[in-house]
Amino acid sequence: MPKAKRPDKEAVSRAIKLARTLRQTQHQMATHAHEAALDDLTSALDRLDSTLTMTLATTDDQQPTRISGDLAQAEQVFHGLVGPSPDVVFRRFWIGTRRPGLLVFVDGLVDNEMIDQDIVQRLEDASDISQTSPKQLGALAYDRLITVGHVTTTSSWPSVVSKVMTGNTAVFVQGLPRAFVVDTVKYPARTVPSTKIEPAIKGPQEAFNEVGLTHMNQLRRWLRSPRLHFDSHTVGKISQTPVYVAYLDGVVNRELLSRITDRVDRIERDVVTRANDVAEYLSDRRLAVFPQFRLSDRVDWVARELGQGKVAILVENDPFAILMPMTLVDFYKTSQDYSFSTWDSTLIRLIRLAGLLAGLYLMPLYIALTSVNVDLMPTPLLLTIDGSRQGIPFPPVVEVMIMYLIIEILREAANRLPQQLGVTLGTVGAVVVGTAIVKAGIVDDVMIVSATLTALGLFTTPAFEMTTPWRWLFWVMILGAYLLGIFGILLVTVGIVAYLAGMESFGTPYLTPFGPLQMSGWADSIMRWPIPLLQRRPEDLRPVHRRKAEPVPTPKPFRLGPRNSKGSTKS
Amino acid sequence: MHETTRHISPLQYAIIETTSFMGIGIFEFPRVLVMHAGSDVWWGFLADWLAAYVGAWLLLKVAYVNPRETLLGAARDILSSTPYWIFGIADTVVHLILPVLAIAQFSFLVVTFFLPNTPIWLVDIALTAMSVYVTWWDLPALARTTQVIYLPVMAISVVLLTLLVPYMTDSYAAIPSLDLHVLPTLTGAFKSLYIFIGFEVIPIFWPYIRPDEQPRARRYTYLALTAAGVFYSAIIFATLTTENPWYLEHLQWPAVSALRLINVSGLIINKLGLLIVVLWGIVSLFFISIRFWAISHVIMPLIRRRTLTWYRGINVCLAVLVVGVSLRFPNIRAVDTITKKLIPPIIVFVYAYPVVYLIVARLLQHRRHHSSPSPANS
Amino acid sequence: MGMQAIVMFLMLGILTGCASNRPLNERALVLVMAFAPGPHKQISVAFQIPTPQGLTSLTSGSTGSGSPGHKTSYTVFGRGSTLSQAFGQAQSQVNQGLYLGQLQAVIFSTRLSGAQFQAISSALTRIGQLDKTAFALATTAPLRQFMRKTPDSTPLPGLYYTTEFGCSQCQTVQLRRRVWSIEKYLNAPAQNLWLPLITLEPQGFHVDQMVIYRHNHAAKILSSQQTADIGYVLGLTSKGAVNLHWDGQTVSVRSLKANPKIRWQWIDGLLHIHVYLRVTGSVEEFPADLELGPHVRGLQQQTSAQLSSDCLTAVTKLSRNDLDPFTIGNAYEWQHPGTLSQWRDAYAHATWAITVTVRLQQLGDAT
C-alpha cells in the first residue's frame, strides 16, 4: 500500500504564519478603505488558515482551535476535516430573520424529523430576537428554542466534530463562540433480532444488535437495578469506537473490574471494528490456544453472567458482548441449560463431555490400538478391524490425516456456501466420502465411523471458539498416539491438563472447579443442580457477595382436598 | 505469572505429598518385603507405615520451627555458610537420584510390557519432557495438574484392584502370621522403606500453604499417609493372593503383573489391567516433576536467582541431566543394583536431617534465649 | 509457531518411522501357539495365524470355514534344540513379525519332558508382550494333526477358545487356565499344576478332562468323571450331575455347583483333611408317577452321600499319588516355612473326610 504523503510540518507552520501576517495587513487596510475588494481576499485567507490549521492538527494530533463564532470558518473547519463527504450536511438558515445560523449533521445517523421540527423550524420561527446579542440569543436558544431533550454547548472543536460524527447535530450561530450539540442520534439499526448463533429450544431468544445504546437498553430490561453500571470508554484513535464495560456494582470484584478497565484504556489502535479487536487485548496470554473470553450475543446470557460477578464489554457495532473472566467449564454452559430441568441439563452436559472425549480421543485411540498397543483390544474386534484393513495401503495415521482433512474442507466449504447449497454439499460429502473412499480402498470402514464421530463430537461444544483448541490439540494427541500409543495419549492428556492448569484469566484459574478443587463449583459444572440450590456465585471470581440466593426449604406438601373446596364453597 | 496466587490448598499439598513418594515404590512393591519378611510381610509393612508417620512427624516439626520459610531458607538461618552449602548440595543430590531411578525403572517397565517396539530413549525423553512441562508454570499450576490427574488415576487403580478379586485364589497368603521373626522382618521393612521415601518434601512445600490453613494441612499430611498406606495394603493383599508368595518373589513388578491379568470382556480395551502401567506412569511423572520443582527451589536460593526464566532453565538442565544418566542403565537389573545401594543412605539422610536440624535449632534458640529475649519461633 | 513445529514434528515422525510400530495388518497375529517334543530331545513349536481371506471373511459376516479350499488360517512350524532356535526357524518362514499380544491359547503336549516344559514356561514369562491371559491347555494329540484341525463351530480355530471359555458358568467343569498360572504353580512349593486336556473329535475339539502335573511334567490324566469330582473340591464344577436310583427308577440331579472349604488338623501326628462342600442343584429327572415334595429331603441326603463317596475316592487317589492341586500345602508352607518335606509325607498318608450338604433349589413346576 502506498504511504500517504505527509505534509512538511515546518512548511505548514510557515504558511500559517504567512496567513496570519496577511490577515493583520488586511485589518490595517480595512481601517483605511477598499473594504469590498478585500472581502474576497479575507475569505480566501481564512480558508487557507483553517485548512492548514486542521491539516496540522490531524497530522500532529494537536487540539484544533476553539470555535470562533464565524460560520464560514466553521464550515471550512468541517470541510477540512471530513473532506468531500456527501453524507455530512451543512445547512445555512436564518434565526428569526436577522441572524445567520449553520447546522451540521451526518445524514443517515440523525433523525431528520427532529432536525426539521425541533431545531430548524423553531429557530426560524423565533421572533423578538432582533435586538439580542449573540450571547443572549445563545441562552434563549438553549432555554426556549431548541426543544430536544439532550442539548449541550461546547466551544471545543474536537468535541463538536466527534459528536457530529456519532449522529448529533451541531448548531452554530453567527457571532457565538460556542456550538450547540443536539442529540438527534437515530442509527439505522436492525430491529432486535433473535439469536441464531447460540440457539436455544426454550427460554429467552433475544440477541443484541449492532447499536451500543440498544445493548445497554436491552441489558437494563434484564437487570433493572441501579447497580448495573456501564463504564464508557472510547477505543480506536481514528474509529473512536465507544466501548462500555458493564458490571453489577456490589457484586463484581472491584480489583477485577479495575484490571479490566485498565486494560481497555491501554488499547492503542487506530481502528476498532469489532469486539474481538478489543477482546484480544484483554487476554492474559495472547498466544494461548484456549479462549480466555467468550463472545455472546444473548442478552439473557450476558445478564446471567453479570449476575455471577463477571464483566461484560459491549463494543459499538458488534452484537457480541465480551464476557470475562472465563473458565473452561464456562464454555460448556448454555442459556438453555437453565431453561430446562436439572436432569435434562445434566444429561446434555454429560453428552457434551462425551462428545468432547469422543472427538478428542477416538481417532488417537484408533491409531494407538491398531498400530502400537495392538494387544489391548479384544480379539474379535481386532480381527474385524484387521479384516477391514486388508489391502489398505496407508498406515492408520495417514488414514486419519486424509479423513480429517476431508472433514475440515467439507466443513469450511459448507460454511462459505449459501445455506441451500450447504445441504447439497453435505449430501455430496457424505456420499463421496462415505462410500467412494472405502470402495477405493483408501480408508477402512472403522475409520469412517470414528472420523464421523470425531467430527460430530468436537462440535457438540456450545461455544464455537472452544472447538478450535481441541482441533489443534487433536493433532498433538495423534502424534502422541502414533509415537507412544496409549502412553502417548495419556502423556498428552497430562500436558493439556498442565497447560490448562497454568492458564489464568484475570486471576481466575482456568480449570476451576476441578483444579483447584471447589466442590461448590461442581454443582454447576458437569451437572446442573436445581436452580434453588445454586445459591452461591463462583468462588474463583471472588465476588463481593458470594451468596446469590437465600436458602429456601423445599415447600411442604400441599394437599388440595375436599376440605379446601368445602371451605371455599361455604364461604 | 504476576496474577498467579502462589499458594496451594491443603488438599493440593496432601496430594503432592502422596505423589512425592508413590511414583518410585509402587511398581516393585512388595517383592523385597516378601523376600525378606516372608509370612511376616504385614508386620514389616506396618513397621514401614509407622516409620513414615514418624518421619512425617519429624518433618512437620521442622516445618513448625520456621513455617514461613522453605527448608533451605530456614537452614540458611541456622547453619553457617559451609554446612549450608553442604546441606544444599546433599539435598540436591538426593532429589536427583530419585528421579533418575524412577525414570529408569519406569522406562524399562513400559518397554517390557507396553511398548516393546519403541526405543527406550523415546520413552525417557517423552516422560521427562512432560515432567518438565508440568512444572512450567510453577507451583500453583503443578499443584492443580496433580490434583486433576492424580485423584482419578488413584480411583481407577482402586477399581482395577477390585476387578482382580476373581483372581485372588491364594487367600491363605493374606492372613497375618502370628510367628514373628523380628530381624528379617525389620530388614525387609528397612529395604522397602523406599515406598515412602519422598515425603521429605513436606517442609519444602510447607511455606506455600496459607498460614491459617497450616493446621489443616498438618492433619492432611497424616491422612495422606494413611490413604497411601491403605493403598499399599491393598496392593500387598492383591499381589499375595493373586500370585502366590513364591511366584511374587520372581516377579520384577508384582503389582503390574497381577493387574495385567484383568480381562474385562465387552470393552474396547479389554485388557484393562495393562493400563495400570501407563496410569502409574503418570504417578511417576508427577514424582519426577515434584523432584524437579524441589531441586530447582534448592538450587535457586543457593545461586541467588529467583526468576521464572531461571527456574525453567534449571528444570530443563535437570531434565537433560536426568535423562542422560537414566539412559546409562543397560537393563532393569542395573537399576535394581543401584537402587539397593543408594536407597539405604537416602533413607538414613531423610531421617537424620530433621533430627539434626531440630537439635541445632533448639540449641540456637536456647543460646538466643540466654543472650537476648527473641521473638518466638512459631 | 508452536503448532507449526508440532505439525512438522508429526510429519517427520511419520516419514522417518522413528517408532517402529507396525499397523496390525502388517503383523502376523498368532492366535494359537503349541509346543511338543521333537526328535532328538528337540522342541517343536507351531504358530497358527489367520490368513487375509480368513480375516476378510469375518468382516463380511460369512464364515469362511465352510467353503472348501478357502483356508482361514495357516500354521508355521519350527523346531530346534532350544526354544529360541525353534522360534527363529518359525519366524524365518513368515515375512511379517510374529505377534504374540493377541494369543488365544497355548497348547502343551503332555509328552513334553519336565526340562522342556520348564524351559518353555520360563520363556513365556519373559516375553513381555505375550498375552498372559491366553488360555493354557494340554493335549495328547500330535502337533501337526492338532494344528490342522478347524472346529465346525468357529470360522477361525483360534476363536474356539474364546467361545469355549468365554462363559463362566457354561461348562460342566470350569477348566479354564491361563498362561500366567503355569509359572505361578511351577514356583509354588506344594501345589501341583493342572491343565485342561483338549482332545480331538471329528467335529473339532473337546475339553472335559484335566491333566495334573507333578512339578513340571504331566503326571496324571483324570477321566472326565474324576475331573468333575475333583472339580467339586476345587470349586470348579458348576454343572455337575448325579444319577440316583429311586424306587427302582432313575432320578437325575443336575446343575450341581459346590462351594468348598478345606480344613486340616494334626491328630496324633497324622494329617486329617476335612472338606466341606455346600452344594446346590436342581432335580431334572424324576418319575412322573411320584410326588416330588416328600422325597426332596431323601434325595438331598442320597445326593450328598453319592457326591461324598465319589469325591473321597478321587481326592484320596490323588493324595496317595502325592498330587496336590489344592492350596492347603502352600498355606502350610507359608505359615510354617521349611517344613515342606514333613508336609509331603503327611499329605501322602492323610486321612480325608468329606462332608457334603446338598440343597436342591430348583424342583421344576411339576410337584
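How each quantity is defined
- Residues numbered from 1 in each chain as written.
- Chains lettered and ligands numbered in written order.
- Predicted model: local features only at pLDDT ≥ 70, side-chain atom pairs only at ≥ 80, totals over all residues.
- Helix = DSSP H or I, 4+ residues; strand = E, 2+ residues; numbered from the N terminus.
- Buried ≥ 20, exposed ≤ 12 C-beta atoms within 10 Å, placed from the backbone.
- Contact = placed C-beta atoms within 7 Å.
- Domains from an automatic or database assignment.
- Nonpolar A, V, L, I, M, F, W, Y, C, P; charged D, E, K, R; others polar.
- Pairing = 2+ DSSP bridges.
- Axes fitted to C-alpha atoms, helices over the stretch in contact; angles between N-to-C directions.
- Parallel < 35°, antiparallel > 145°, perpendicular 65-115°, else oblique.
- pLDDT = per-residue confidence, 0-100.
- Core = buried A, V, L, I, M, F, W, Y, C linked by C-beta atoms within 7 Å.

### A few points about the overall build of chain C
Stage number 1. Within chain C, the regular secondary structure consists of 11 helices and 14 strands.
Stage number 2. With respect to the principal axes defined by its C-alpha atoms, chain C has extents near 80 × 55 × 55 Å.
Stage number 3. Looking at chain C as a whole, 44% of its 367 residues are labelled buried.
Stage number 4. Taking contacts inside chain C between residues at least 6 apart in sequence as the whole, the part at least 24 apart equals 69%.

### Some details on the overall build of chain A
Stage number 1. Check the secondary structure of chain A and you find 18 helices and 12 strands.
Stage number 2. In chain A, buried positions account for 37% of the 571 residues.

### Considering the interface of chain A and chain C
Stage number 1. Counting residues at the interface gives 25 residues for chain A and 28 residues for chain C.
Stage number 2. Looking at the side of chain A that touches chain C, the elements that each hand over two or more residues are α11 (342-372), α12 (379-389), α13 (396-416) and α16 (467-502) of chain A.
Stage number 3. Ranked by residue count, the leading element in the side of chain A that touches chain C is α12 of chain A, at nine residues.

### Here's the deal with the domain arrangement of chain C
Residues and elements named next belong to chain C.
Stage number 1. Once the domains are mapped, chain C shows domain 1 (23-221) and domain 2 (224-362).
Stage number 2. Placing the centre of domain 1 and that of domain 2 at their C-alpha centroids yields a distance of 32 Å.
Stage number 3. Contacts between domain 1 and domain 2 engage 19 residues on the former and 20 residues on the latter.
Stage number 4. Broken down by secondary-structure element, the contributors of at least two residues to the side of domain 1 that touches domain 2 are β9 (205-214) and β10 (217-221).
Stage number 5. Among the residues making up the side of domain 1 that touches domain 2, the classes are represented as nine nonpolar, seven polar and three charged.

### Quick notes on the interface of chain B and chain A
Stage number 1. Opposite the 33 residues of chain B that make contact, chain A presents 29 residues.
Stage number 2. Contributions of two or more residues to the side of chain B that touches chain A are made by α1 (10-25), α6 (120-135), α7 (138-163) and α13 (275-303) of chain B.
Stage number 3. Taken together, the residues that form the side of chain B that touches chain A break down as 21 nonpolar, nine polar and three charged.

### Points about the pairing of strand β6 (residues 105-109) of chain C
Residues and elements named next belong to chain C.
Stage number 1. Among the five residues that make up β6, five are buried, leaving the element largely enclosed by the rest of the structure.
Stage number 2. Neither face of β6 is exposed, since Ala 105, Ile 107 and Ser 109 on one face and Val 106 and Phe 108 on the opposite face are all buried.
Stage number 3. Judged from the four bridges that link them, strand β2 (residues 32-37) and β6 form a sheet pairing that is parallel. When the sheet's bridge partners are listed, Met 33 is paired in β6 with Val 106.
Stage number 4. As defined by bridge partners, β6 adjoins strand β7 (residues 135-139) across five bridges and the pair is classed as parallel. Residue pairing for β7: Ile 107 is matched across the bridge by Leu 137.

### Things to note about the domain arrangement of chain A
Stage number 1. Looking at the assigned domains, one finds that chain A contains domain 1 (9-62), domain 2 (64-188), domain 3 (212-326) and domain 4 (342-509).
Stage number 2. Of note, the centres of domain 2 of chain A and domain 4 of chain A, computed from C-alpha atoms alone, are 63 Å apart.

### Side note on the sheet that holds strand β12 (residues 249-267) of chain C
Residues and elements named next belong to chain C.
Stage number 1. Pairing within the open sheet is mixed, and its four strands lie in the order β11-β12-β13-β14. The open sheet has two free edges, formed respectively by β11 (240-246) and β14 (351-362), since each of these has just one partner strand. Between one strand and the next, the sheet's axes are offset by a mean angle of 35°, whatever the strand orientation.
Stage number 2. The pairing of β12 with strand β13 (residues 270-285) spans 14 bridges and is classified as antiparallel. The partner of Ile 262 across the bridge, within β13, is Val 275.

### What to know about the sheet that holds β2 of chain C
All names here are of chain C.
Stage number 1. Read from one edge of the open sheet, eight strands run β4-β3-β2-β6-β7-β8-β9-β10, paired in mixed fashion. Looking at the sheet topology across the chains shown, the edges are occupied by β4 (73-80) and β10. Averaged over all pairs of adjacent strands, the angle between their axes in this sheet comes to 35°, without regard to strand direction.
Stage number 2. In the sheet, strand β3 (residues 43-50) pairs with β4 via eight bridges, with the strands oriented antiparallel. Bridge pairing in β4 links Ile 43 to Gly 80.

### Quick look at the packing of α16 of chain A against α6 of chain B
Stage number 1. Close contact between α16 of chain A and α6 of chain B brings their axes to 9 Å; oriented N to C, the two are set at 10°. As the angle between them shows, α16 of chain A and α6 of chain B are arranged roughly parallel. Contact residues: Leu 483, Leu 484, Leu 491, Val 494, Gly 495 and Ala 498 of chain A in α16 of chain A; Leu 122, Val 123, Ala 126, Met 130, Tyr 133 and Val 134 of chain B in α6 of chain B.
Stage number 2. In the contact of α16 of chain A with α6 of chain B, the residues fall into 11 nonpolar, one polar and no charged.

### Concerning the environment of Trp 246 of chain C
All names here are of chain C.
Stage number 1. Take Trp 246: it is sitting in strand β11.
Stage number 2. Assessed through the 17 C-beta atoms surrounding it within 10 Å, Trp 246 is described here as partly exposed.
Stage number 3. For the pair Trp 246 and Gly 298, spaced 52 residues apart in sequence, the C-alpha separation works out to 9.7 Å.

### Points about the confidence of the model for chain A
Stage number 1. In this model, chain A carries an average pLDDT of 83, and 87% of its residues clear a pLDDT of 70 or more.
Stage number 2. Note that pLDDT drops below 50 for residues 1-7 of chain A; the model gives that stretch four contacts with residues more than four away or on any other chain.

### Some remarks on the nonpolar core
Stage number 1. By size, the foremost hydrophobic cluster in this structure holds 321 residues, and its most contacted members are Val 278, Ile 313 and Ile 322 of chain A together with Val 277 of chain B.
Stage number 2. Residues in contact with Val 278 of chain A, not counting those within four places in the same chain, are Val 235, Val 243, Val 264, Ile 267, Val 272, Ile 313, Val 315 and Ile 322 of chain A.
Stage number 3. Among the nonpolar cores identified, the runner-up in size contains 31 residues, and Phe 78, Phe 105, Val 164 and Ala 179 of chain A belong to it.

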